Amino acid sequence: GGGLEVYTGPFSASREGRRRRLEQREKQYRADQEWRRKTEDYIRRNIAGQKTKQAQSRRRQLEKAAGAAAPVREEAAPVLEIREAARGGSISLKIEEATIGYPGSPLIEAVDLLVLRGERLGILGGNGSGKSTLLKTLIGELPLLEGQVKRGQNTVFSYFSQTIDLGDPQRNVLDCLRDLDPLCSDGELRSYAARFHFRQEDVFKQVGLLSGGEQSRLALARLLHHPANVLLLDEPTNHLDMESIESLNTALDKYTGTLVFVSHDREFVSSLATRILELKPGEQGGPATVIDHRGGYEDYLESLKAELVAA
């Protein structure tokens, strides 16, 4: 609403404080509107009768009263749904004795990894450690330098790239979504777009003119349109507002398929990951190795503390 609100305490406390503040403002506004309605009704009924002076007094009160500001009607968070493909085999992915990277420039070596159906792997590592390259290799966009990758039976992948490519920048949002199903009517596409906060004239915005957040939401709309039982996500929360991140988090929490994702958002990782893959830098700038931490993000932090104590 054009104002700045300050809350003390951590993020969770700020969200609760924000909720209470909005409820209080809504309550004050309704009470003010009810007082005004009753006052105006009293004035109409008595301005020409025996209580003219009282009615005139209340009219002056009404004119002087500033009134409670109408509460800001904040846009509801997008409600995201992840369509799941038919149940895949017990093994989603298997990597054996793999070296990952580019010809003459290996980034990760000695990779042996078994990903079971329904697991949620969070991939952590420094910039340039090979996280995105690992995902591109798993999806088949990049070939292995050595070793092999095996996909499980009936595995259906969907991949969200950190580098968003929406095609021709001259096309609009509606055209970009029409690629997903040419048989969909404009009404159906507009209804689907609205779930990702592209409403009314927004669907005619050119892709090249979209903000970073709008591009991310459009990329998610394209990703989530087709069912999948294995999701590979590379920094999916980049550029998203807090409400969209929470909606994505909620949708992924309900998702029963296999999830492999890269994220710098530690809250996001903590809430979703049941297993952590850490890309540990090699000596003297050599290829990284994958350290497999069984357990969630908090377990991973505890293991790091134990390593520091032991050292």
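Thresholds, definitions, all that
- Residues numbered from 1 in each chain as written.
- Predicted model: local features only at pLDDT ≥ 70, side-chain atom pairs only at ≥ 80, totals over all residues.
- Heavy atoms only, no water.
- Helix = DSSP H or I, 4+ residues; strand = E, 2+ residues; numbered from the N terminus.
- Rg over C-alpha atoms; globule rule 2.2 N^0.38 Å.
- Contact = heavy atoms within 4.5 Å.
- Lys, Arg positive; Asp, Glu negative; His and termini not counted.
- Charge placed at Lys NZ, Arg CZ, Asp CG, Glu CD.
- Salt bridge = Lys/Arg side-chain N within 4 Å of Asp/Glu carboxyl O.
- Core = buried A, V, L, I, M, F, W, Y, C linked by side-chain atoms within 4.5 Å.
- Buried < 20%, exposed > 50% of the residue type's maximum accessible area, 1.4 Å probe, protein only.
- Pairing = 2+ DSSP bridges.
- Axes fitted to C-alpha atoms, helices over the stretch in contact; angles between N-to-C directions.
- Phe/Tyr/Trp six-rings, centres within 6.5 Å; stacked < 30°, edge-to-face > 60°.
- Lys NZ or Arg CZ within 6 Å of the ring centre and 35° of its normal.

**Topic: the overall build of the protein chain**
Right, so step 1: The number of helices and strands found in the protein chain is 9 helices and 9 strands.
Right, so step 2: Scaling as 2.2 N^0.38, a compact globule of 311 residues should have a C-alpha radius of gyration of about 19 Å, whereas the protein chain reaches 27 Å, well beyond that.
Right, so step 3: If one aligns the C-alpha atoms of the protein chain with their principal axes, the spans along those axes are about 95 × 60 × 35 Å.
Right, so step 4: Long-range pairs, those at least 24 residues apart, make up 67% of the contacts in the protein chain with a sequence separation of at least 6.
Right, so step 5: Here the protein chain carries 43 positive and 45 negative side-chain charges, and the mean point of each set is 12 Å from the other.

**Concerning the pattern of salt bridges**
Right, so step 1: Following the criterion strictly, the structure yields 27 salt bridges and no others.
Right, so step 2: Between Asp 202 and Lys 205 there is a salt bridge; the shortest N-O distance is 3.9 Å.

**Overview of the nonpolar core**
Right, so step 1: Ranked by internal contacts, the top residues of the largest apolar core, which has 43 residues, are Leu 177, Leu 218 and Leu 252.
Right, so step 2: Of all elements in the fold, only helix 4 (173-178), helix 5 (186-194), helix 6 (212-225), strand 6 (230-234), helix 7 (242-254), strand 7 (258-262), helix 8 (266-272) and helix 9 (297-310) reach the threshold of two or more residues within this core.
Right, so step 3: Excluding residues within four positions of it along the chain, Leu 177 makes contact with Leu 189, Tyr 192, Ala 193, Leu 218, Ala 221 and Arg 222.
Right, so step 4: The next biggest cluster of nonpolar side chains, apart from the first, holds 23 residues, and it includes Val 111, Leu 121, Phe 157 and Val 230.

**A word on the sheet that holds strand 4 (residues 146-151)**
Right, so step 1: One open sheet accounts for 3 strands, arranged 2-1-4; its pairing is antiparallel. Because the sheet does not close on itself, it has two edges, and the strands there are strand 2 (105-116) and strand 4. Averaged over neighbouring strand pairs, the angle between their axes works out to 15 degrees when direction is ignored.
Right, so step 2: Pairing of strand 1 (residues 91-102) with strand 4 involves 5 bridges; the strand directions are antiparallel. Within strand 4, the residue paired with Glu 96 across the bridge is Gln 148.
Right, so step 3: Across the sheet, helix 3 (residues 131-139) touches strand 1, strand 2 and strand 4, and the angle it forms with strand 1 is around 125 degrees.

**So, the packing of aromatic side chains**
Right, so step 1: For the structure shown, the criterion picks out 3 aromatic pairs.
Right, so step 2: Cation over ring: Arg 58 sits above Tyr 42, and NZ or CZ is 3.8 Å from the ring centre.
Right, so step 3: In this structure, Arg 217 is placed above the aromatic ring of Phe 198, and the distance from its NZ or CZ to the ring centre is 5.0 Å.

**A short note on the sheet that holds strand 5 (residues 157-160)**
Right, so step 1: One open sheet accounts for 6 strands, arranged 5-6-7-3-8-9; its pairing is mixed. Two strands in the sheet have a free side with no partner beyond their single neighbour: strand 5 and strand 9 (289-294). In this sheet, neighbouring strand axes are inclined to one another by 15 degrees on average, regardless of whether the strands run parallel or antiparallel.
Right, so step 2: With 5 bridges joining them, strand 6 and strand 7 adopt parallel strand pairing. In the strand pairing of strand 7, Asp 234 is matched with Val 262.
Right, so step 3: Strand contacts of helix 6: strand 5 and strand 6, with the helix running at about 175 degrees to strand 5, the strand carrying the most contacts.

**Some details on unusual backbone geometry**
Right, so step 1: At Glu 97, a position not held by glycine, the phi torsion is positive, near 45 degrees.
Right, so step 2: As for its placement among the helices and strands, Glu 97 is situated in strand 1.
Right, so step 3: Taking the relative accessible area as the measure of exposure, Glu 97 reaches 63% and is therefore exposed.
Right, so step 4: In this structure, Ala 110 is a non-glycine residue whose phi angle is positive, near 55 degrees.
Right, so step 5: The exposure class of Ala 110 is exposed, given its relative accessible area of 56%.

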